[in-house]
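Read off the chains here:
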Amino acid sequence: MKLPNYERVIYEDSPLIEVIAQLRFPTILKIASQQPVDFQDSIRFEYPIFETSRNLQIPVELSNILTQFTSNFTSDLTSIDLTYQFKSEDLSCQISLDKNSITLATTKYERYENFSDKFKRAVELFEKIYNPSFYSRTGLRYRDLIIRSKLNIKDKEWHELIPQHIASELYTPEVADSIQNFVKNLQLKTEFGQVNFNHGLVNVRDTERGIDETAYLLDTDFFTEDKVERSENAWKILDNYNHTARNLFRWGITEELHRAMRPQPI
C-alpha cells in the first residue's frame with residue numbers, strides 16, 4: 001500500500017470500540033491439560049477477574065446421551081478449545097489464553113504505547129512459563145464505529161464524512177438516499193503481511209445509551225502467518241501494523257470527520 005503518511009493524533013472523541021492483538025503458536029498441550037496457575041498468579045493484580053469459556057458448546061441433551069455411553073469420551077469432547085480469560089476490574093481489558101494463542105483485547109484504548117506495554121508484559125510472562133517454539137500468526141485489529149449522534153454531527157450526510165474513493169455509493173444521487181446498510185471487504189498487501197479492511201454502513205442499537213441509528217464501521221485486521229521467532233520480532237511487526245492502521249483510518253475519512261473527532265497532536 002502507498003498511503004499518505006498522516007500526522008499522528010489522539011482523538012478526544014475516539015470512535016474506537018475495540019482493539020485486539022494476538023499471537024498464535026503451535027499447540028501447547030500443557031495449557032489445555034491444566035489450569036494456568038503460575039500465569040494467573042503473575043498477572044492477577046492487573047487482571048483480577050478470572051473466567052473460562054469453551055469455543056465448542058455441546059447441548060445438555062446431547063451431553064447426557066453421550067455420558068450414557070462413555071464418560072471419558074464426553075470429558076474429552078467438552079474440553080475442546082478451553083479458553084482462560086483474565087479481565088481487569090472494570091472489564092475494559094482482557095487477556096485470553098488457550099492452547100494455540102494469547103490475546104489482548106480492550107474497549108478502552110488510549111494510545112498504542114500503553115496497549116503495547118500491556119501486551120508485552122503478558123507475553124513475556126507467557127514465554128517464561130510456557131516457552132513457545134515460535135509464533136505462527138501475528139495480528140493486530142482496530143474496530144472503529146462512527147456514530148454521528150455521539151459526535152454531534154447528526155445533521156451531516158455520509159458523503160461529507162466518508163470519502164468517495166472508499167464508498168462511491170454514497171456519492172451516487174440515484175441510490176445514496178436509499179442505502180440502509182452495506183459492508184465492503186478489501187484484502188490488501190502490506191510490508192509485513194496483509195490486512196482485511198471491512199467498512200460500510202451498519203445499524204447500531206444500544207437501548208441503555210439511547211442509540212438507534214445507522215453508523216459507519218471501519219474494521220482493519222492486520223496479520224501475517226509467516227513464522228516469527230519469539231516475541232522480540234513480533235513487536236516490530238505490530239509496531240508497523242499500528243503505523244499503517246493509523247494511515248489507513250485517516251485515508252478512510254474526510255477532513256470534516258477528522259475535525260469533528262477533535263484531534264490532539266502528540
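Residues numbered from 1 in each chain as written. Predicted model: local features only at pLDDT ≥ 70, side-chain atom pairs only at ≥ 80, totals over all residues. Heavy atoms only, no water.

Looking only at helices and strands, the protein chain has seven helices and eleven strands in total. Reported as C-alpha extents along the three principal axes, the dimensions of the protein chain are approximately 65 × 45 × 35 Å. The proportion of buried residues among the 266 residues of the protein chain is 42%. Partitioning the intrachain contacts of the protein chain with sequence separation of at least 6 by distance along the chain shows that 71% fall at a separation of at least 24. Charge centroids of the protein chain, computed over 32 positive and 40 negative side chains, lie 3 Å from each other. (Helix = DSSP H or I, 4+ residues; strand = E, 2+ residues; numbered from the N terminus. Buried < 20%, exposed > 50% of the residue type's maximum accessible area, 1.4 Å probe, protein only. Contact = heavy atoms within 4.5 Å. Lys, Arg positive; Asp, Glu negative; His and termini not counted. Charge placed at Lys NZ, Arg CZ, Asp CG, Glu CD.)

Looking now at the sheet that holds strand S5 (residues 93-98). If you trace the nine strands from one edge of the open sheet to the other, you get S3-S4-S5-S6-S2-S7-S10-S9-S8, paired in antiparallel fashion. The sheet is open, and its two borders are formed by strand S3 (49-54) and strand S8 (182-190), each paired with just one other strand. Shown here is a sheet whose adjacent strand axes are inclined to one another by a mean of 15°, direction ignored. With nine bridges joining them, S8 and strand S9 (residues 193-206) adopt antiparallel strand pairing. Looking at the pairing, Val183 lines up with Gly200 of S9. (Pairing = 2+ DSSP bridges. Axes fitted to C-alpha atoms, helices over the stretch in contact; angles between N-to-C directions.)

Close contact between helix H5 (residues 112-130) and helix H6 (residues 230-251) brings their axes to 11 Å; oriented N to C, the two are set at 160°. On the basis of their axis angle, the class for H5 and H6 is roughly antiparallel. H6 is crossed by H5, and the crossing has right-handed handedness. Of H6, the residues touching H5 (which contributes Tyr112, Phe119, Lys120, Val123 and Glu127) are Arg230, Ser231, Trp235, Leu238, Asp239 and Asn242. Grouping the constituent residues of the contact of H5 with H6 by class yields five nonpolar, two polar and four charged. (Parallel < 35°, antiparallel > 145°, perpendicular 65-115°, else oblique. Left-handed = near helix turned anticlockwise from the far one by under 90°. Nonpolar A, V, L, I, M, F, W, Y, C, P; charged D, E, K, R; others polar.)

This next bit is on the pairing of strand S6 (residues 101-106). Taking burial as the measure, the six residues of S6 include six buried ones, the bulk of the element. Both faces of S6 are covered, namely the face carrying Ser101, Thr103 and Ala105 and the face carrying Ile102, Leu104 and Thr106. Pairing geometry for strand S2 (residues 16-24) and S6, over six bridges, is antiparallel. Residue pairing in the sheet places Arg24 in a bridge with Ser101 of S6.

This part is about the side chain of Thr106. Note that Thr106 resides in strand S6. Apart from the residues lying within four places of it in its own chain, the contact partners of Thr106 are Ile17, Glu18, Val19, Ser92, Cys93 and Phe115.

Now for unusual backbone geometry. One non-glycine residue, Asn131, lies in positive phi territory at about 50°. Here Asn131 lies in the loop between H5 and strand S7 (137-146). Of the residues examined, Asn131 reaches a relative accessible area of 53% and is grouped as exposed. Of note, Arg262 is a non-glycine position whose phi angle comes to about 55°, a positive value. With respect to the helices and strands, Arg262 occurs in the loop between helix H7 (255-260) and strand S11 (263-265).

Another aspect to go through is the side chain of Thr190. For Thr190, the location among the structural elements is in strand S8. Note on Thr190: relative accessible area 14%, which makes it buried. Sequence-distant contacts of Thr190, that is, excluding residues within four places in its chain, are made with Met1, Val195, Phe222 and Tyr241.

What follows concerns the confidence of the model for the protein chain. Summing up the model confidence of the protein chain, the mean pLDDT is 89 and the portion of residues at 70 or higher is 90%. Taken element by element, the predicted model of the protein chain shows its lowest mean pLDDT in helix H4 (residues 71-78) (44) and its highest in S6 (98). Contacts for the low-pLDDT stretch residues 57-63, under 50 throughout, to residues beyond four places or in other chains number four contacts. With pLDDT under 50 throughout, residues 65-79 is counted as low confidence; its partners more than four residues away or in other chains account for ten contacts. (pLDDT = per-residue confidence, 0-100.)

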